[in-house]
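Listed here are the chains, written in short residue letters.
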Amino acid sequence: MARGPLRHLLNLYSTKNNFSRVTNFLHSNRFLHHLHPFESRFYPSPHPQITNPMKFKPSYFTQFSDFYIFPYFNVHTICALSDNVKKEPASNLTEKVESEPKLECGGDGFTESELGNEDTWSEHERLNFVQIANRDPVEIYKDIRDAVKSEKQSRADWDTLTEIFRSFSKSGWASSQALAVYIGASFFPTAVHEFRKFFFKKCKTDLIKYLVLLGPGDGADKFLFPVFVEFCIEEFPDEIKRFRKMVDSADLTKPHTWFPFARAMKRKIIYHCGPTNSGKTYNALQRFMEAKKGVYCSPLRLLAMEVFDKVNTLGVYCSLLTGQEKKDFPFSNHVACTVEMVSTDELYDVAVIDEIQMMADSSRGYAWTRALLGLKADEIHLCGDPSVLNIVRKICSDTGDELVEQHYERFKPLVIEAKTLLGDLKNVRSGDCVVAFSRREIFEVKLAIEKYTNHRCCVIYGALPPETRRQQATLFNDQDNEFDVLVASDAVGMGLNLNIRRVVFYNLSKYNGDKMVPVPASQVKQIAGRAGRRGSLYPDGLTTTLHHDDLEYLIECLKKPFDDVKKVGLFPFFEQVELFGAQLPNITFSQLLMEFGENCRLDGSYFLCQHQHVKKIANMLEKVQGLSLEDRFNFCFAPCNIRDPKAMYHLLRFASSYAQKLPVNIAMGMPKCSARSDSELLDLETRHQVVSMYLWLSNHFEEESFPYIKKAETMATDIAHLLGESLLKASWKPESRNARNTKLQQEEDVYQRPRSLVKLQEK
Ligand SMILES: Nc1ncnc2c1ncn2[C@@H]1O[C@H](COP(=O)(O)OP(=O)(O)OP(=O)(O)O)[C@@H](O)[C@H]1O
Ligand SMILES: [Mg+2]
């Protein structure tokens, strides 16, 4: 065993202020290069110091040190364990390490001078301390283990020792280091408690004196840690084995290896990179239509429907596949689908993944990542802004795919109107799209515009079914009617082709589920960019704000370069969660998801997508008996508004019937007429959601369990129609789905909203 250099490092490490010497030693020995692949097995976060030794910083060292502290991880073991380590015989490496000139720190690394100048210490004690500091932790451990019983100590020393162990048990450093030897965070306190008992029972005076000298804190923690590791390895082999299995099954590093068939292909990736309205999707779709077999992956059902209609009109037979609907076009070789639904089994000539920057989306990003990594297509066209270009470059270098970049500019520049609407909605003009970020505000604006001007408004917001959004868009685009103004939420940012002359921001703040925050610049850009589409009535796009106060923020957002995204989303497949769950019997599914989130390992380019939505549904379904783990997993992804109690109730009902193996009933009536008030409109929105959920479930479970598909389809169409009718007449004050917003509703005059929410926040 190449213990010499490793011991040397350990000794250096256990002394204070020795950091620079240790790092010099590491650099000179090329240890870091060799350890890289192995290191990635332990840590969920990126370690730039490993990939680039010159960036090695003191704070990293503590995390890095296990390899030296843990006596079994010598150079040989590390070489053997790492797959990608340079093919160099371990013995060579050892020789290199050992042949490095010794650093000038005297003896074995821990010098006498480093012990300070305590006059009270005898020469004998000094020598003793140096010896203890430099002893092999394995030997220290064995000595304690084999001792008969502890020697008598002074009261003061016992007290200090108690403090030392208290500090050790609370040390975040020790707890996170322990993970590297598979002692989980939840087991760590128990392990320390046992270690303390063991230590107090048998420890010798000189060791205690040395620890007392170090005192509670860093120095003692680092001295005790390797001894603690030895203790755990002997005392808790089963715990360690169990935790190791668990950690291994939550390994989400190297996700490109999850798709061996895609890896076996030589794929060509074409990144259509540019701002909104620059022709990215148009060009990608040209290739899609030319191909023998193609797939278009859309961020929205609406956009999938648009492409489905468009390419069929142009004579290319295309099917439609979304979570809710399957429309098989006879003899078609093309399919337009939502990105979550794309098959990674099917072979395609050309695939298009639209709005690729959504890879970085905190909840849905995993679907884009999966499509990019897993699609089996000779040619994959990515359309999006430049924010994920760098990370796509990195992913392509991991997958070995060829990457071609095509850069685009906006057809016509977007012009900012500095005059603004001067805070008065009476200044709205034909072709304007007023953007507000809540349903309540959308209806307030519509009400005000229709009351104080001669314009009529169409509305588009997230809770409307795609069919209704399309109907509203058509109404707005059509010049032969009075509906010449659009009031919309951020749902307008993607997809629809709209004849917008000017995008007017009613405000530039939105509620993030917790508080009001400024709308991110990337979103502002995307929405503003909707003004002036090529081929539309208004090819020159304009944008402005309602209030002058907000203008500065709008300009700032539009001037801002695109973000450079560092991480993209990932989510485990069911099989991965199942494997992980096998290590943790007797816990609920939502606890299992939580454990997975806490224990999974990711490498630096990925984050685990948020799954509050999934957890909330998992919690609700906990009491439903008879669902398999896979059923639970699938139910949790149903498109259900978790803030809508009625929708949640129906989902629970569906799951309960399914669990009892009964045919799942829609059990929901159809309203007779369109809505006459906002609460009726809300009710229609909920009903549509429930039916849409039913359709989604019928596509994700055996069809026999959901036998009322035809009925659900008819209901969905009818409700969307009623919603459309209702919106034509909607001229009521908006209500809110939950009590939280009712306070906000008390504002009487729609013109009296805070002057500039962005400004207010800055203050
Ligand atoms: N070469 C072209 N010939 C005719 N029309 C085009 C051409 N390129 C783009 N268009 C039209 O210009 C409009 C904007 O193009 P496209 O939707 O491809 O832009 P985009 O860059 O994908 O925008 P977004 O980021 O908003 O999705 C569309 O209506 C499209 O049909
Ligand atoms: Mg596009």
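Basis of the calculations
- Residues numbered from 1 in each chain as written.
- Chains lettered and ligands numbered in written order.
- Predicted model: local features only at pLDDT ≥ 70, side-chain atom pairs only at ≥ 80, totals over all residues.
- Heavy atoms only, no water.
- Helix = DSSP H or I, 4+ residues; strand = E, 2+ residues; numbered from the N terminus.
- Buried < 20%, exposed > 50% of the residue type's maximum accessible area, 1.4 Å probe, protein only.
- Contact = heavy atoms within 4.5 Å.
- Areas by Shrake-Rupley, 256 points an atom, 1.4 Å probe, with all protein chains shown as cover.
- Pairing = 2+ DSSP bridges.
- Axes fitted to C-alpha atoms, helices over the stretch in contact; angles between N-to-C directions.
- Polar contact = N/O pair within 3.5 Å; in protein donor to acceptor, adjacent residues only side chain to side chain.
- Salt bridge = Lys/Arg side-chain N within 4 Å of Asp/Glu carboxyl O.
- Near = heavy atom within 4 Å.
- pLDDT = per-residue confidence, 0-100.
- UniProt positions renumbered as here; feature names shortened; annotations may be inferred.
- Phe/Tyr/Trp six-rings, centres within 6.5 Å; stacked < 30°, edge-to-face > 60°.
- Lys NZ or Arg CZ within 6 Å of the ring centre and 35° of its normal.
- Parallel < 35°, antiparallel > 145°, perpendicular 65-115°, else oblique.
- Left-handed = near helix turned anticlockwise from the far one by under 90°.
- Nonpolar A, V, L, I, M, F, W, Y, C, P; charged D, E, K, R; others polar.

## Topic: the overall build of the protein
Part 1 of the argument: A tally of regular secondary structure across the protein gives 33 helices and 18 strands.
Part 2 of the argument: Per-residue burial for the protein yields a buried fraction of 55% across its 763 residues.
Part 3 of the argument: Put simply, 76% of the contacts in the protein that link residues at least 6 apart link residues at least 24 apart.
Part 4 of the argument: With the model as given, the accessible surface of the protein reaches about 34000 Å², and the carbon-plus-sulfur share is 53%.

## Examining the sheet that holds strand E13 (residues 502–505)
Part 1 of the argument: Ordered by their spatial adjacency, six strands build an open sheet running E9-E16-E13-E10-E12-E11, and the pairing between neighbours is parallel. Two strands close off the open sheet at either side, each with one partner strand: strand E9 (415–416) and strand E11 (456–460).
Part 2 of the argument: Two elements, E9 and strand E16 (residues 542–545), share two bridges in a ladder whose sense is parallel. Looking across to E16, one finds that Ile416 is bridged to Thr543.
Part 3 of the argument: Set on the sheet, helix H23 (residues 466–477) makes contact with strand E10 (432–435), E11 and strand E12 (483–488); between it and E11 the angle comes to about 145°.

## Topic: unusual backbone geometry
Negative phi is the rule for most residues except glycine; trans is the rule for most peptide bonds.
Part 1 of the argument: One non-glycine residue, Phe331, lies in the positive phi region at around 60°.
Part 2 of the argument: Relative to the helices and strands, Phe331 is located in the loop between strand E4 (326–327) and strand E5 (334–338).
Part 3 of the argument: In this structure, Glu355 is a non-glycine residue whose phi angle is positive, near 55°.
Part 4 of the argument: Secondary-structure assignment places Glu355 in the loop between strand E6 (347–353) and helix H20 (365–374).

## Some thoughts on the environment of Asn507
Part 1 of the argument: Among the secondary structure elements, Asn507 is positioned in the loop between E13 and strand E14 (509–511).
Part 2 of the argument: Separated by 73 residues in the primary sequence, Asn507 and Val434 place their C-alpha atoms 9.4 Å from one another.
Part 3 of the argument: A distance of 3.0 Å separates a polar atom in the side chain of Asn507 from a polar atom in the side chain of Glu441.

## With respect to the pairing of E16
Part 1 of the argument: Side chains Leu542 and Thr544 of E16 all project onto a buried face; the interleaved residues Thr543 and Thr545 project onto the opposite face, where all are buried too.
Part 2 of the argument: Two elements, E13 and E16, share four bridges in a ladder whose sense is parallel. Opposite Phe505, over in E16, you have Thr545 as the bridge partner.

## Remarks on helix H24 (residues 521–528)
Part 1 of the argument: Most of H24 sits out of view: six of its eight residues are buried.
Part 2 of the argument: Within the sequence span of H24, burial applies to Ala521, Val524, Lys525, Gln526, Ile527 and Ala528.
Part 3 of the argument: Considering only its buried residues, H24 is in contact with E10, E13, E16 and helix H25 (548–559).

## Description of the pattern of salt bridges
Part 1 of the argument: The tally for this structure, following the rule as stated, stands at 38 salt bridges.
Part 2 of the argument: Residue Asp159 pairs with Arg155 through a salt bridge whose shortest N-O separation is 3.5 Å. Placement of the pair is Asp159 and Arg155 together in helix H11 (residues 155–170), with a separation of four residues, close to one helical turn.
Part 3 of the argument: Residue classification places Asp159 among the partly exposed positions, given a relative accessible area of 39%.
Part 4 of the argument: Connected through salt bridges with shared partners, the residues Glu417, Asp432, Arg501 and Arg502 form a single ionic network.

## Considerations on the site of ligand 1
Part 1 of the argument: The immediate surroundings of ligand 1 are formed by 14 residues, with Asn277, Lys280, Thr281, Tyr282 and Arg533 found nearest.
Part 2 of the argument: A distance of 3.1 Å is found between an oxygen atom of ligand 1 and a backbone nitrogen or oxygen belonging to Gly279.
Part 3 of the argument: Within the contact set of ligand 1, an oxygen atom lies 2.8 Å away from a side-chain nitrogen or oxygen of Thr281.
Part 4 of the argument: Isolated, ligand 1 exposes 620 Å² of accessible area, and the fraction of that covered by the protein chains is 79%.

## As for the confidence of the model for the protein
If pLDDT is low for a region, its predicted coordinates should not be looked at in detail.
Part 1 of the argument: Across the protein, the average pLDDT comes to 81, with 80% of residues at or above 70.
Part 2 of the argument: Across the protein, the element-wise mean pLDDT spans from 30 in helix H7 (residues 75–81) up to 98 in strand E1 (residues 268–273).
Part 3 of the argument: Predicted confidence is poor over residues 1–118, with pLDDT under 50, and the contacts of this stretch with residues over four places away or in other chains come to 199 contacts.
Part 4 of the argument: Within the model, pLDDT remains below 50 along residues 739–757, and this stretch shows 35 contacts once partners closer than five positions in the same chain are excluded.
Part 5 of the argument: Scored as a complex, the prediction yields pTM 0.72 and ipTM 0.99.

## Side note on the sheet that holds E4
Part 1 of the argument: In space, the eight strands of this open sheet follow the order E4-E3-E5-E2-E6-E7-E1-E8, with mixed pairing throughout. With one partner strand each, in any of the chains shown, E4 and strand E8 (402–407) form the two edges of the open sheet.
Part 2 of the argument: Summarising the sheet, E1 and E8 pair through six bridges and their orientation is parallel. Looking at E8, one finds that Cys273 is bridged to His407.

## A look at the UniProt feature "domain: Helicase ATP-binding" (unreviewed entry) in the protein
Part 1 of the argument: Listed under "domain: Helicase ATP-binding" (unreviewed entry) in the UniProt record, and renumbered for this structure, are residues 261–377.
Part 2 of the argument: This span, residues 261–377, is 32% helix and 26% strand, and a straight line between its end C-alpha atoms measures 10 Å.

## Some details on the packing of aromatic side chains
Part 1 of the argument: Enumeration according to the criterion identifies 37 aromatic pairs in this entry.
Part 2 of the argument: With a centroid separation of 4.6 Å and 35° between ring planes, the pair formed by Phe635 and Phe701 is classed as tilted. With Phe635 in helix H29 (residues 629–636) and Phe701 in the loop between helix H31 (678–700) and helix H32 (709–729), this pair connects stretches of sequence that are 66 residues apart. The same class applies to Phe635 as to Phe701, namely buried.
Part 3 of the argument: Residue placement shows Lys293 over the ring face of Tyr348; its charged tip is 5.4 Å from the ring centre.
Part 4 of the argument: Against the face of Phe562 rests Lys525, its NZ or CZ located 4.1 Å from the ring centre.

## Details of the packing of H23 against H32
Part 1 of the argument: Two numbers describe how H23 lies on H32: the axes approach to 8 Å, and their chain directions differ by 40°. The orientation of H23 relative to H32 falls into the category oblique. Our pair here, H23 against H32, has a crossing hand that is right-handed. Contacts from Glu467, Thr468, Gln471, Gln472 and Leu475 in H23 reach Ala720, Leu723, Gly724, Leu727 and Leu728 in H32.
Part 2 of the argument: Split into classes, the residues belonging to the contact of H23 with H32 amount to five nonpolar, four polar and one charged.

## Here's the deal with the packing of helix H10 (residues 137–146) against helix H13 (residues 188–202)
Part 1 of the argument: Running from amino to carboxyl end, H10 crosses H13 at an angle of 70°, the nearest separation of the two axes being 8 Å. In terms of their interaxial angle, H10 and H13 are classed as roughly perpendicular. Considering the relative orientation of H10 and H13, their crossing is left-handed. Mapping the contact onto sequence places Tyr141, Ile144 and Arg145 in H10 and Phe198, Phe199 and Lys202 in H13.

## Re the pairing of E10
Part 1 of the argument: Residues Asp432 and Val434 line one face of E10 and the alternating positions Cys433 and Val435 line the opposite face, and both faces are buried.
Part 2 of the argument: Taken together, the three bridges between E10 and E12 define a ladder with parallel strand orientation. Each bridged residue has a counterpart across the sheet, and for Cys433 the counterpart in E12 is Leu486.

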